[in-house]
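For reference, the chains in residue letters:
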Protein chains: 2
Amino acid sequence: MRVEKTYSPKLSVDGVTVDRRDIEMLEAIDEHGSMHAAADALGRSYARLQNRVVEIEEAVGTITERKRGGSGGGGTVLTDTGRELRRRFERHDAELDGVARATESVVTGTVRDRTGELATVDTSVGPVMALVPEGAERVQVGIRSDAVVLTDPSEAPDPDRTSLRNRFRGTVERIESGDAIVRVTVALALEGADAGDDPDPDPDPVELQALITRASTDRLALEPGREVVASFKATAARATRIDAGGDESERA
Amino acid sequence: MRVEKTYSPKLSVDGVTVDRRDIEMLEAIDEHGSMHAAADALGRSYARLQNRVVEIEEAVGTITERKRGGSGGGGTVLTDTGRELRRRFERHDAELDGVARATESVVTGTVRDRTGELATVDTSVGPVMALVPEGAERVQVGIRSDAVVLTDPSEAPDPDRTSLRNRFRGTVERIESGDAIVRVTVALALEGADAGDDPDPDPDPVELQALITRASTDRLALEPGREVVASFKATAARATRIDAGGDESERA
DNA sequence: CGTCGTAGTATCTATGACGATACAACGCCG
DNA sequence: CGGCGTTGTATCGTCATAGATACTACGACG
């Protein structure tokens with residue numbers, strides 16, 4: 001099952017939500033200086049396009065300066081507000097794109113302590129601090145690979161002096177290199193590996209992926225087999241509830 | 001202009017993209033044990049619902065076990081694949097939700113060095129390593145607040161031993177407390193504040209927001225005025241291009 | 001062997017979004 | 001003062017999505 005994470009960014013103002021199509025419209029208007037030219041360039045009808053601009057303006061404010069008559073017949077120019085709206089959207093899109101592309105490591109566990117939206121989740125690699133939805137007991141914790149920090153175990157920062165709440169030892173398992181970005185897969189050390197108490201075979205890979213720069217890979221001299229400390233913030237780890245776990249305790 | 005960041009999560013498999021509505025459908029089926037009951041509960045028509053299930057199954061595989069006839073007339077049950085699809089979606093949604101809710105700090109600057117998708121951006125607070133789209137020169141760098149790590153300046157980790165590429169000194173400006181999560185706003189120190197060379201007044205707030213746990217706030221003894229080091233990974237900083245900057249160099 | 005509640009399928013219709021088209025309003029310019 | 005190219009507005013047709021409805025197929029159970 002080859003699943004691809006997708007999304008469609010939107011900005012919601014007052015009642016209207018502007019989507020990518022609207023932003024492309026603004027871009028075309030900005031580029032061509034008139035709504036007719038923009039409509040032609042986009043292969044859209046002028047009427048709809050004009051209506052949409054008015055709709056957005058009713059919620060957002062003046063995003064265009066539209067003139068009819070005059071030299072050249074008039075024209076339409078984006079205002080600063082309009083440009084700001086574009087930039088807002090681009091930033092939002094970039095953020096979401098980051099999430100959709102960064103792989104995610106998943107660990108399952110059960111919620112122990114909880115304070116508000118934050119909780120400690122017991123997993124096979126030890127306790128994990130994460131954001132947990134209300135009332136969840138059995139959860140999957142997702143850790144975004146662009147939020148994982150790798151450090152040299154010899155000079156690991158004092159955990160009391162940073163806001164990095166989650167720290168795990170592990171060994172580098174795999175390194176996949178891109179242009180400037182490298183994806184490092186770390187096999188986490190299981191907690192109490194010799195404990196016969198907990199009969200949880202947990203077939204979880206217990207792998208943690210980290211997206212770091214190639215330069216960092218070199219500085220840390222990372223290579224398969226090397227020991228590292230992987231840390232991430234509690235606010236970058238998000239849990240989702242699992243209803244029935246692996247059990248089919250329904251419809252007996 | 002009160003803008004709210006929104007999004008709609010989607011999972012794309014083969015040709016079809018399943019959205020939140022599909023997932024809600026699966027949930028209802030799982031809960032009620034039959035597609036008719038699910039359709040009623042959702043206020044949707046059975047026909048469309050049934051068609052949709054088949055469509056998704058053609059791409060994803062068997063997500064339901066549908067039986068007709070038999071005791072009770074039959075029924076529909078989610079398969080493990082179906083449940084897995086649900087969980088995948090929930091995780092994806094949780095990630096995107098994190099992005100939409102975490103505030104973002106924005107710094108503008110110009111691209112200097114670049115290696116692949118990674119580049120150094122010169123800003124008023126110094127160089128920032130970030131992911132930069134191709135061909136961009138003048139950019140806005142967005143830094144997600146849940147990716148910013150705060151550390152005590154006295155015991156700041158050796159930058160050569162971690163994969164945290166961006167480090168900035170600053171002073172705590174504001175602390176907004178939630179239940180368990182605290183938002184800390186850090187005023188970054190400007191680079192070369194006495195330099196008369198660079199006539200860039202840059203009205204940027206040059207503020208960096210960090211989302212950290214309340215416990216971390218206590219351990220670091222954070223309070224307004226206190227000096228801290230704020231760090232974040234290059235892979236967590238994303239730049240978007242600015243076309244004309246503040247200048248209106250078009251349509252003379 | 002008929003009943004019942006489900007799955008499966010086909011057809012019609014309502015709705016909304018959008019393109020296509022036509023026409024009025026505007027204002028500078030030759 | 002008429003022409004031109006724009007904005008603004010109204011109307012119609014088209015298309016896709018989805019609800020409504022009606023019907024068949026299925027299979028355990030009384």
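Residues numbered from 1 in each chain as written. Chains lettered and ligands numbered in written order. Predicted model: local features only at pLDDT ≥ 70, side-chain atom pairs only at ≥ 80, totals over all residues. Heavy atoms only, no water.

**Q** Hey, could you run me through the packing of aromatic side chains in this one?
**A** Given two aromatic rings, their pairing is described by the distance between the two centres and the angle made by the two planes. Residue and element names in this part refer to chain A. Enumeration according to the criterion identifies two aromatic pairs over all chains in this entry. Ring geometry for F168 versus F232: centroids 5.9 Å apart, planes at 20 degrees, classification stacked. With F168 in strand β10 (residues 166-177) and F232 in strand β13 (residues 227-232), this pair connects stretches of sequence that are 64 residues apart. We classify F168 as buried; its relative accessible area is 9%. (Phe/Tyr/Trp six-rings, centres within 6.5 Å; stacked < 30°, edge-to-face > 60°. Helix = DSSP H or I, 4+ residues; strand = E, 2+ residues; numbered from the N terminus. Buried < 20%, exposed > 50% of the residue type's maximum accessible area, 1.4 Å probe, protein only.)

**Q** Explanation requested: the pairing of strand β8 (residues 138-144) of chain B in the structure shown.
**A** Two faces belong to every sheet, and in a regular strand the side chains alternate between them. All names here are of chain B. Most of β8 sits out of view: six of its seven residues are buried. Pairing analysis gives seven bridges linking strand β5 (residues 104-115) to β8, with the strands arranged antiparallel. By the bridge assignment, S105 is partnered in β8 with I143. Inspection of the sheet shows β8 paired to strand β14 (residues 237-241) by five bridges, in the antiparallel sense. Within β14, the residue paired with Q140 across the bridge is T240. (Pairing = 2+ DSSP bridges.)

**Q** Please clarify how the pairing of β13(A) should be interpreted in this entry.
**A** Residues and elements named next belong to chain A. Burial analysis of β13 places five of its six residues in the buried class, the great majority of the element. Bridge analysis of strand β9 (residues 149-151) against β13 gives three bridges, and the strand direction is antiparallel. Within the sheet, the bridge partner assigned to T151 lies in β13 and is V229. Pairing geometry for β10 and β13, over six bridges, is antiparallel. Each bridged residue has a counterpart across the sheet, and for N166 the counterpart in β13 is F232.

**Q** Explain the protein's contact with DNA strand D here, please?
**A** Around DNA strand D sit 23 residues in total, of which M35(A), H36(A), R66(A), T76(A) and R48(B) are the nearest. The sugar-phosphate backbone supplies 62% of the atoms of DNA strand D found within 4 Å of the protein. The contact in question runs from a phosphate oxygen of DNA strand D to an N or O atom on the side chain of R21(B), over 3.1 Å. Looking at the surface near DNA strand D, the elements with two or more residues in it are α2 (35-42), α3 (46-60), β3 (64-68) and β4 (74-78) of chain A together with α3 (46-60) of chain B. (Near = heavy atom within 4 Å. Polar contact = N/O pair within 3.5 Å; in protein donor to acceptor, adjacent residues only side chain to side chain.)

**Q** Explanation requested: the interface of chain B and chain A in the structure shown.
**A** Accessible area lost when the parts come together is the quantity often used to give the size of an interface. On the chain A side, the residues contacting the 86 residues of chain B number 85 residues. The interface formed by chain B and chain A holds eight salt bridges in total. For K5(A), the salt bridge goes to E95(B), with nearest N and O atoms at 3.4 Å. Across the contact surface, chain B and chain A share 27 residue pairs in polar contact (both at pLDDT 80 or more). For the side of chain B that touches chain A, the element with the most residues is helix α4 (residues 80-101) of chain B, which contributes 17 residues. Of the residues assigned to the side of chain B that touches chain A, the class counts are 30 nonpolar, 21 polar and 35 charged. Note that strand β1 (residues 3-13) of chain A and strand β1 (residues 3-13) of chain B share 11 bridges and pair antiparallel. Residue pairing in the sheet places K5(A) in a bridge with L11(B) of β1(B). (Contact = heavy atoms within 4.5 Å. Salt bridge = Lys/Arg side-chain N within 4 Å of Asp/Glu carboxyl O. Nonpolar A, V, L, I, M, F, W, Y, C, P; charged D, E, K, R; others polar.)

**Q** I would appreciate a short explanation of unusual backbone geometry in the present structure.
**A** Glycine aside, the phi torsion of most residues is negative, and most peptide linkages are trans. Located in the positive-phi region is D14(A), a residue other than glycine, with phi close to 50 degrees. For D14(A), the position within the fold is in the loop between β1 and β2 (16-18). Since its relative accessible area comes to 67%, D14(A) is described here as exposed. The phi dihedral of A221(B) is positive, around 55 degrees, even though this residue is not glycine.

**Q** Got a minute to help me understand the sheet that holds strand β11 (residues 181-188) of chain A in this structure?
**A** Strand pairing within a sheet occurs via backbone hydrogen bonds; the two strands may be parallel or antiparallel. Residue and element names in this part refer to chain A. With antiparallel pairing, the five strands of this open sheet are ordered in space as β9-β13-β10-β11-β12. Edge positions in the sheet fall to β9 and β12 (207-213), since each has one partner strand and no second. On average, adjacent strands in this sheet sit at an angle of 45 degrees to one another, irrespective of strand direction. (Axes fitted to C-alpha atoms, helices over the stretch in contact; angles between N-to-C directions.)

**Q** What's the story with the sheet that holds strand β10 (residues 166-177) of chain B in this structure? I'm lost.
**A** All names here are of chain B. Spatially, β9-β13-β10-β11-β12 is the arrangement adopted by the five strands of the open sheet, whose pairing is antiparallel. Both edges of this open sheet fall to β9 (149-151) and β12 (207-213), since each of them pairs with a single strand only. Recorded for the sheet is a direction-independent mean angle of 45 degrees between the axes of neighbouring strands.

**Q** Quick question: what am I supposed to make of the pattern of salt bridges here?
**A** A side chain of one charge can pair with a side chain of the opposite charge when the charged atoms of the two come close. Taken as a whole and assessed by the stated rule, the structure comprises 42 salt bridges over all chains. D30(B) serves as the salt-bridge partner of R86(B), at 3.1 Å between the closest nitrogen and oxygen. With R86(B) in helix α4 and D30(B) in helix α1 (residues 20-32), the pair connects residues that are 56 residues apart, well separated along the chain. By the burial criterion, R86(B) is buried, and D30(B) matches it. A single network of salt bridges, built from pairs that share partners, joins E173(A), R174(A), E176(A) and R183(A).

Read these as layout, nothing more, since geometry by itself doesn't imply function.
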